[in-house]
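The primary structure of each chain is shown beneath.
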Amino acid sequence: MRQIVLDTETTGIDPKEGHRLIEIGCVEMVNRRFTGRTYHQFINPEREIEAEAIEVHGITNQRVADEPRFAEVADEFWEFIRGAELVIHNAAFDVGFIDHEFGLLNDRRGEPRLGPVAEHCGILDTLKMARDKHPGQRNNLDALCKRYDIDNGRRVLHGALLDAEILAEVYLAMTGGQTALTLDASGEEEGGDAQAGTSGGIRRLSSARPRLAVVAPSEAELAAHRAKLEAIRQAAGECVWDRLEGGDVSS
C-alpha cells in the first residue's frame, strides 16, 4: 500500500475567507516503510498571512514572497499524491485547503482539471483515529508524541514537512509500531549495529541482529491445550483448529 503522510501550513484558518496554502510537506511510505521520497514546497499565497498564523508556523510574508504560486507547482504535487492513501491529522482542514486551491486553478485554466482529493485518493484522518482510541484526552500532535514516546524536540514551530515526518511516526505507533523502517531508500547501513534514521526517533534494524528466541511449550502446556480443544469439540461439535494442517493435537 502506498501512503502519503501530509501536512500543510496556511495564511489563516478558512479557505472560504480567501485564505491560501503557503507550505506543503509530504512523506511517502509503501507497506509501512519509508521510501525516502518526500515532497516539500513553500508557496506564494498571493495575499497577506495573518499575524495569528505567523505566530503558529513562523512563516512570514517575506519568506514566501519569491516562492512559486500554487498554479506553478500544482501538477507536480498532484502527481505525487494521486492514487495514494493520504494520512493527515485533522484531514478536513488540509483537504479543504487543497481542494480550494485546485478549484481556483481549475477555474483559471480549465483542463486538465485536478482534484477533488477524495475522488482520487484515500483519506485517513489520524485525529479521528486518535479520538476513537483515546476518548476524552488531548489528541493534538504534541500530546500524541508524548503518549507514544516520540521525540518532537525539533518542533518549536509548526512546519509542514517536519510535522508530516512526526505524524508518520505517530501513525505507525498508533497502528502497531514500527518495523524495520527507514527514510533511506538504499536500505541497511554498513555495520552490525542499529543505526538512527534520517528522521529523529526512527531506527534502522540491522540484518545481523540476533534472531528472536523460540520457546517451545512444556508438556503441561500441551496437555492443557489439548484439553481446551477437546472441550470446544464437545461443546460446539467441531473445532476450527482441526481444519488447519497439523492442527489436531488431540492424540
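All values derive from a computational prediction rather than experimental measurement.

*Asks:* Before we move on, could you go through the UniProt feature "binding site: a divalent metal cation" (unreviewed entry) in the protein and cite the residues and values that matter?
*Replies:* Here, the residues flagged by UniProt with the feature "binding site: a divalent metal cation" (unreviewed entry) are Asp7, Glu9 and Asp163. Annotated residues spanning 157 residues; largest pairwise C-alpha distance 10.0 Å, indicating a single compact cluster. Of note, Asp7 is situated in strand 1 (residues 2–10). With a relative accessible area of 14%, Asp7 lands in the buried category. Every residue in contact with Asp7, bar those within four places of it in the chain, is listed here: Glu23, Ile24, Gly25, Asp94, Gly159, Ala160, Asp163 and Ala164.

*Asks:* Break down the side chain of Gln41 for me, with residues and values.
*Replies:* Note on placement: Gln41 falls in strand 3 (residues 33–42). Look at Gln41 and you get buried, because its relative accessible area is 15%. Contacts of Gln41, omitting those with residues within four sequence positions, involve Ile22, Glu23, Ile24, Glu67, Pro68 and Val73.

*Asks:* Quick rundown of the packing of aromatic side chains? Include the residues and the values.
*Replies:* Within the structure shown, the criterion is met by six aromatic pairs. Ring centres 5.9 Å apart and planes at 35 degrees place the aromatic pair Tyr39 and Phe80 in the tilted group. Here Tyr39, found in strand 3, pairs with Phe80, found in helix 3 (residues 70–81); they are 41 residues apart in sequence, far enough to count as distant. With 6.3 Å between their ring centres and 25 degrees between their planes, Phe77 and Phe102 make a pair best called stacked. Note that Phe77 is positioned in helix 3 and Phe102 in helix 4 (residues 91–109), a separation of 25 residues in sequence. Under the relative-accessibility criterion, Phe102 is labelled buried at 1%. Taken together, the aromatic side chains of Tyr39, Phe70, Phe77, Trp78, Phe80 and Phe102 make up a single cluster linked through ring pairs. Between Arg63 and the ring centre of Phe42, over which it is positioned, the NZ or CZ distance is 3.9 Å.

*Asks:* Provide a residue-level description of the nonpolar core, including the pertinent values.
*Replies:* Of all hydrophobic cores here, the largest spans 26 residues; its most connected members are Ile24, Cys26, Phe70, Phe77, Ile81 and Phe102. Elements represented by at least two residues in this core include exactly strand 1, strand 2 (21–30), helix 3, strand 4 (85–88) and helix 4. Ranked by residue count, the leading element in this core is helix 3, at seven residues. Excluding its chain neighbours within four sequence positions, the residues that come into contact with Phe77 are Leu6, Ile24, Cys26, Tyr39, Phe70, Ile98 and Phe102. In this structure, Val27, Met129, Leu141 and Leu172 belong to the second largest nonpolar core, which totals 22 residues.

The rules behind the values
- Residues numbered from 1 in each chain as written.
- Predicted model: local features only at pLDDT ≥ 70, side-chain atom pairs only at ≥ 80, totals over all residues.
- Heavy atoms only, no water.
- UniProt positions renumbered as here; feature names shortened; annotations may be inferred.
- Helix = DSSP H or I, 4+ residues; strand = E, 2+ residues; numbered from the N terminus.
- Buried < 20%, exposed > 50% of the residue type's maximum accessible area, 1.4 Å probe, protein only.
- Contact = heavy atoms within 4.5 Å.
- Phe/Tyr/Trp six-rings, centres within 6.5 Å; stacked < 30°, edge-to-face > 60°.
- Lys NZ or Arg CZ within 6 Å of the ring centre and 35° of its normal.
- Core = buried A, V, L, I, M, F, W, Y, C linked by side-chain atoms within 4.5 Å.

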